[in-house]
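For reference, the chains in residue letters:
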Amino acid sequence: MTGLLSASRVLAAAAATLLAVTAAAPVAQAKPEPKAPGEFVALRSVDPTIIQEMRYPTGHDFMGVPVDGYRQSLCILTRPAAEALHRAQLRLLPQGYSLKVYDCYRPQRAVDHFVRWAKDLDDASMKGEFYPQVDKTRLFADGYIAEKSGHSRGSTVDLTLVRLPAAATRPYRPGEELVPCYAPQAERFPDNSVDMGTGFDCFDTLSHTDDPRIQGVQRANRQFLRTTLTDAGFVNLAEEWWHYTFKPELFPDTYFDFPVARRSVAGH
């Protein structure tokens with residue numbers, strides 16, 4: 001009996017010690033998501049008239065899935081870039097046009113998602129629309145995918161022009177037949193943009209802003225967009241007619257990773 005009591009005391013003491021250690025151990029906390037610096041704003045808070053068709057929170061992009069870090073369909077930019085878009089929009093509206101943005105600030109985790117996808121050579125589900133003539137092994141060498149993006153610095157935007165009143169656009173249906181992004185406008189995926197010669201995110205040299213094969217109305221539309229945005233302080237990336245960066249950038253050397261979400265810029 002004495003042996004049983006002694007064993008019970010030992011077990012009780014061990015249990016008490018374990019409880020004490022458990023109580024003293026810090027509770028594991030989930031790492032809080034980073035928030036945007038105060039210089040970032042939601043574009044709608046600066047200009048609610050600019051149309052937003054954010055592609056990366058959806059499955060209608062070159063990967064065919066929503067992109068990491070895009071929690072909501074929202075354009076976030078540094079305030080100077082947003083205000084410059086507002087100035088451009090004020091010039092366009094009396095002429096019967098509106099800007100439409102496809103992508104704005106892009107978190108680094110989204111860029112990392114692009115890189116992982118580009119290295120997976122077995123995944124070519126969206127090739128028929130976005131890169132019909134480009135071998136996926138060439139995406140890095142040809143500059144279509146990179147490990148860093150100016151979008152992550154907050155002053156770069158992908159956008160187009162829409163003739164007003166804006167026509168309705170239908171949502172993408174996963175699994176639908178894909179049409180090359182450089183097909184005639186009436187054949188490729190419907191977009192209420194004016195005809196720019198290719199769709200957005202078209203991995204093809206026809207997307208180069210001054211590609212000599214783009215002529216007539218398509219070339220005039222590209223030049224109209226570039227003139228309007230250049231006058232507002234933006235610089236075009238020659239390889240992508242839709243890609244513009246406001247200069248000077250507030251954060252020329254910083255690549256942010258806060259998620260695209262309203263709470264990232266709450267109170268700004």
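Residues numbered from 1 in each chain as written. Predicted model: local features only at pLDDT ≥ 70, side-chain atom pairs only at ≥ 80, totals over all residues. Heavy atoms only, no water.

Caption draft 1: Highlighting the side chain of Ser-264. Positionally, Ser-264 belongs in the segment after strand 7 (243-246). Apart from the residues within four sequence positions on either side, Ser-264 is in contact with Pro-34, Lys-35, Ala-36, Phe-258 and Pro-259. (Helix = DSSP H or I, 4+ residues; strand = E, 2+ residues; numbered from the N terminus. Contact = heavy atoms within 4.5 Å.)

Caption draft 2: Inspection of the packing of aromatic side chains at higher detail. On inspection of all chains with the given rule, the structure shows 23 aromatic pairs. Aromatic pair Tyr-97 and Phe-224: ring centres 5.1 Å apart, planes at 80°, arrangement edge-to-face. One end of the pair, Tyr-97, is in strand 4 (residues 97-103); the other, Phe-224, is in helix 6 (residues 216-231), with 127 residues separating them in the sequence. Look at Phe-224 and you get partly exposed, because its relative accessible area is 22%. An aromatic cluster is present here, built from Tyr-56, Phe-62, Tyr-70, Tyr-102, Phe-114, Trp-117, Tyr-131, Tyr-144, Phe-200, Phe-203, Trp-241 and Trp-242 joined pairwise through their rings. (Phe/Tyr/Trp six-rings, centres within 6.5 Å; stacked < 30°, edge-to-face > 60°. Buried < 20%, exposed > 50% of the residue type's maximum accessible area, 1.4 Å probe, protein only.)

Caption draft 3: Up close: empty space enclosed by the protein. One pass over the structure, following the stated rule, counts 1 cavity of 30 Å³ or more. In this structure, the largest cavity spans a volume of roughly 170 Å³. Counted by class, the lining of the largest cavity contains 8 nonpolar, 5 polar and 5 charged residues. (1 Å grid on protein atoms, 1.4 Å probe; cavity = no way out; pocket = protein on both sides within 12 Å on 5 of 7 lines; lining within 4 Å. Points joined across faces, edges and corners; volume = space filled by probe spheres on them. Nonpolar A, V, L, I, M, F, W, Y, C, P; charged D, E, K, R; others polar.)

Caption draft 4: Spotlight on the pairing of strand 4. Judged by how many residues are buried, strand 4 sits mostly within the fold: 7 of 7 residues are covered. In this sheet, strand 5 (residues 156-163) lies alongside strand 4 in antiparallel orientation, the contact comprising 6 bridges. From the neighbouring strand, Lys-100 faces strand 5, where its bridge partner is Thr-160. (Pairing = 2+ DSSP bridges.)

Caption draft 5: Quick peek at the environment of Tyr-105. Along the chain, Tyr-105 falls in the loop between strand 4 and helix 4 (108-119). By relative accessible area, which is 1% here, Tyr-105 ends up buried. Sequence separation between Tyr-105 and Gly-154 is 49 residues; the distance between their C-alpha atoms is 4.7 Å. Those residues in contact with Tyr-105, other than ones at most four positions away along the chain, are Phe-40, Tyr-70, Ile-76, Leu-77, His-151, Ser-152, Gly-154, Thr-156, Phe-256, Asp-257, Phe-258 and Val-260.

Caption draft 6: Layout of the state of the cysteines. One pass over the full model with this rule turns up 2 disulfides. Residue pairing for Cys-75: its cysteine sulfur links by disulfide to Cys-104, the two sulfurs lying 2.0 Å apart. On the sign convention where negative is left-handed, the bridge of Cys-75 and Cys-104, at about -100° about the S-S bond, is left-handed. Residue Cys-75 is found in the loop between strand 2 (51-52) and strand 3 (76-78), and its partner Cys-104 is found in the loop between strand 4 and helix 4; the two are separated by 29 residues along the sequence. Cys-104 matches Cys-75 in its accessibility class, with the two residues each being buried. Across the disulfide, Cys-181 is cross-linked to Cys-202 (sulfur-sulfur distance 2.0 Å). Between Cys-181 and Cys-202, the S-S torsion sits near 65°, and that sign places the bridge as right-handed. (Disulfide = S-S within 2.5 Å.)

Caption draft 7: Inspection of the packing of helix 3 (residues 79-92) against helix 6 at higher detail. Remark: helix 3 packs on helix 6, axes separated minimally by 9 Å, with the N-to-C direction vectors making an angle of 130°. Taken together, the axes of helix 3 and helix 6 lie oblique to each other. Where helix 3 crosses over helix 6, the handedness of that crossing is right-handed. Residues Leu-85, Ala-88, Arg-91 and Leu-92 of helix 3 lie in contact with helix 6, whose contacting residues are Phe-224, Thr-228, Leu-229 and Asp-231. Broken down by class, the residue content of the contact of helix 3 with helix 6 amounts to 5 nonpolar, 1 polar and 2 charged. (Axes fitted to C-alpha atoms, helices over the stretch in contact; angles between N-to-C directions. Parallel < 35°, antiparallel > 145°, perpendicular 65-115°, else oblique. Left-handed = near helix turned anticlockwise from the far one by under 90°.)

Caption draft 8: Here's a closer look at the layout of surface pockets. Here the largest pocket is characterised by a volume of approximately 500 Å³. Along the walls of the largest pocket sit 26 residues, with Gly-143, Tyr-144, Ile-145, Leu-237 and Glu-240 positioned nearest its centre. Classifying every residue of the lining of the largest pocket gives 11 nonpolar, 7 polar and 8 charged. Looking at the second largest pocket, its volume works out to about 150 Å³.

The values are spatial; any link to function lies outside them.
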